[in-house]
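# Topology and contacts: notes
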Amino acid sequence: MLHITKEFPGIKANDDVTLQLRKGEIHALLGENGAGKSTLMSVLFGLYQPERGIIKKNGQEVKINNPNDANALGIGMVHQHFKLVECFTVLDNIILGVEDTRHGFLRKDAARKKVMELSEKYGLRVDPDALVSDISVGMQQRVEILKMLYRDNDILIFDEPTAVLTPQEIDELMEIMRGFKEEGKSILFITHKLNEIMAVADRCTVLQKGKGIGTVEIAKTTKEELSRMMVGRDVEFAVEKKPCEPGRTILEVDNLVVASKVHKNNAVKGVSFQVRAGEIVCVAGIEGNGQSELVYGLTGLEKVVSGTIKLNGQDITSASIRTRSKDGMSHIPEDRHKHGLVLDYTLADNLVLQRYWQPQFQNHGFIKKGAVLSYAERLIEQYDVRSGQGAQTIARSMSGGNQQKAIIAREVDKDPDLLVAVQPTRGLDVGAIEYIHKQIVAERDKGKAVLLISLELDEVMNLSDRILVMYEGQIVGEFDPHKTTVEELGLYMAGAKKQGEAKA
Ligand SMILES: Nc1ncnc2c1ncn2[C@@H]1O[C@H](COP(=O)(O)OP(=O)(O)OP(=O)(O)O)[C@@H](O)[C@H]1O
């Protein structure tokens, strides 16, 4: 890709960027949120046409007008937010658009055979007949990868593939990528996780505010140098925090049971714990052990089966979401598109989603547009949310990381008593993670209670004052982060160990 420039209203997302990919290499693409990584890859995949610049494959200039052209050139892409049809089966998703319809009949036998062979060969376990809406995020990603392989692609673009995976799944993906490389396929890999780049990549190209800063050989660089190139300053990987001084109980959960949406059993099976003012309690666990359902129950997204939830001593077990919000609960949700934002609203409207009815923002049922805008502008400035048209930007057009920052700004600025933060730094760059971690600790130091749900053990160890490990819907252990290790937590998370009587 030579001298690519791509503009959107108000922003040059790519500004004269050159990227060269070799055969059989894993090439990482690194940059702050909104630096233009996804845009550059969307240009390569034919989703956007650049204003300037050309693309060459094997020395020949090519024109990629749409994803079909990209596929014909052997270029495939796994998007940051998957592009699957939820009510279709795995197999139908893989063959979508390249179905064999000879003589007017849809023929799937050969397709099924090819999919199963690819699945076997690369260790990409899928159930071809399962509906996409019923399978885990990890399996959805395998479907996306199989889609590329089914089309015989040999340039594979992975846009933040590990942001949604568990540590085990990340290891598996790294192995799969190495396998592709050995076969001579070329991989473009966007990630914010420097450890992953150091582990698998051969080279790394760094973007900063739309411009290419340079390409480095991984064998000759360090994590620190990469983060400096990308953020333009040194980044602290561990946040400083003083010992915790917990106060009164803010959240009290007693014997909570929450049903599962996917299977008949309960997902949360009698969980009890408390979170006090001025402490960060972290629920650690492998994805799918009831953490999501616990949060749905706490925040009111799902009705609970039994048990009680008290916030500041008030029973809120059956309270509406608005009541919980008014009573002092904030929620940074796991899925920013499903529960965090209204994607076709402006950034400003998204920032007042739970507050537009307050006198500050409405008068006799009419929204005070000026007040909403100036409030949004303050948050955008304070939380460094970057987008093309400021408060008026449509949320859908913002980069994933900046969408996340907008949600964090909204939830923290509500000044809650309890902040329920689920994977708050998913998809954020190292500079933004440092900032968010400091914010969470600052909230704690202001006397707020923080319940953090995270799959990232580094984050758990770094931030929490107390760790609860969840396994198969129950709390199987409680730990002091200063007295435990990642290895010990791992054993409890995998169900190999359980504390006699889990107290919390
Ligand atoms: N379709 C679009 N319309 C308008 N602006 C867009 C569109 N797509 C991207 N942008 C803007 O272009 C810039 C670059 O976005 P891009 O998604 O490429 O960043 P990124 O480096 O992938 O970020 P992240 O790490 O947060 O995913 C952002 O400011 C974004 O708001």
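As the structure is a prediction and not an experimental result, all values here were calculated from the model. (Residues numbered from 1 in each chain as written. Predicted model: local features only at pLDDT ≥ 70, side-chain atom pairs only at ≥ 80, totals over all residues.)

With 16 residues, helix α6 (residues 167-182) extends 23 Å between its outermost C-alpha atoms, agreeing within 8% with the 22 Å of an ideal straight helix rising 1.5 Å per residue. For α6, the complete set of buried residues consists of Glu 169, Ile 170, Leu 173, Met 177 and Phe 180. Taken end-on, α6 shows its buried residues confined to a sector of 100 degrees, consistent with a single buried face. Structurally, α6 contributes buried residues whose contacts are with β3 (26-31), α5 (137-150), β7 (155-159), β8 (186-190) and α7 (194-200). Positive backbone phi, at 95 degrees, marks Gly 184, one or two positions downstream of α6. (Helix = DSSP H or I, 4+ residues; strand = E, 2+ residues; numbered from the N terminus. Expected span 1.5 Å × (residues − 1). Buried ≥ 20, exposed ≤ 12 C-beta atoms within 10 Å, placed from the backbone. Arc of directions from axis to C-beta. Contact = placed C-beta atoms within 7 Å.)

This paragraph deals with the domain arrangement of the protein. The domains assigned to the protein are domain 1 (2-231), domain 2 (246-328 + 417-504) and domain 3 (340-415). Centre-to-centre, using C-alpha coordinates, domain 1 lies 31 Å away from domain 3. Facing the eight residues of domain 1 at the interface are nine residues of domain 3. Tallied by class, residues from the side of domain 1 that touches domain 3 come to three nonpolar, five polar and no charged. (Domains from an automatic or database assignment. Nonpolar A, V, L, I, M, F, W, Y, C, P; charged D, E, K, R; others polar.)

Around the ligand, 20 residues are found, and the nearest of them are Asn 33, Ser 38, Thr 39, Ser 399 and Gly 401. Those elements giving two or more residues to the shell around the ligand turn out to be β2 (11-17), α1 (37-44) and α14 (400-413). Two domains each provide a minimum of three residues to the shell around the ligand, namely domain 1 (2-231) and domain 3 (340-415). (Near = placed C-beta within 6 Å.)

This next bit is on the nonpolar core. Counting 129 residues, the largest nonpolar core has Leu 44, Leu 418, Leu 451 and Val 469 as the members making the most contacts within it. Sorting elements by how many residues they give to this core places helix α15 (residues 430-445) first, with six residues. Apart from residues lying up to four places away in sequence, Leu 451 is in contact with Leu 251, Val 275, Val 281, Val 283, Leu 418 and Val 420. (Core = buried A, V, L, I, M, F, W, Y, C linked by C-beta atoms within 7 Å.)

The subject of this paragraph is the confidence of the model for the protein. Mean pLDDT over the protein works out to 91, with 99% of the residues at or above the 70 mark. Interface confidence for the predicted complex, given as ipTM, is 0.95, next to a pTM of 0.79. (pLDDT = per-residue confidence, 0-100.)

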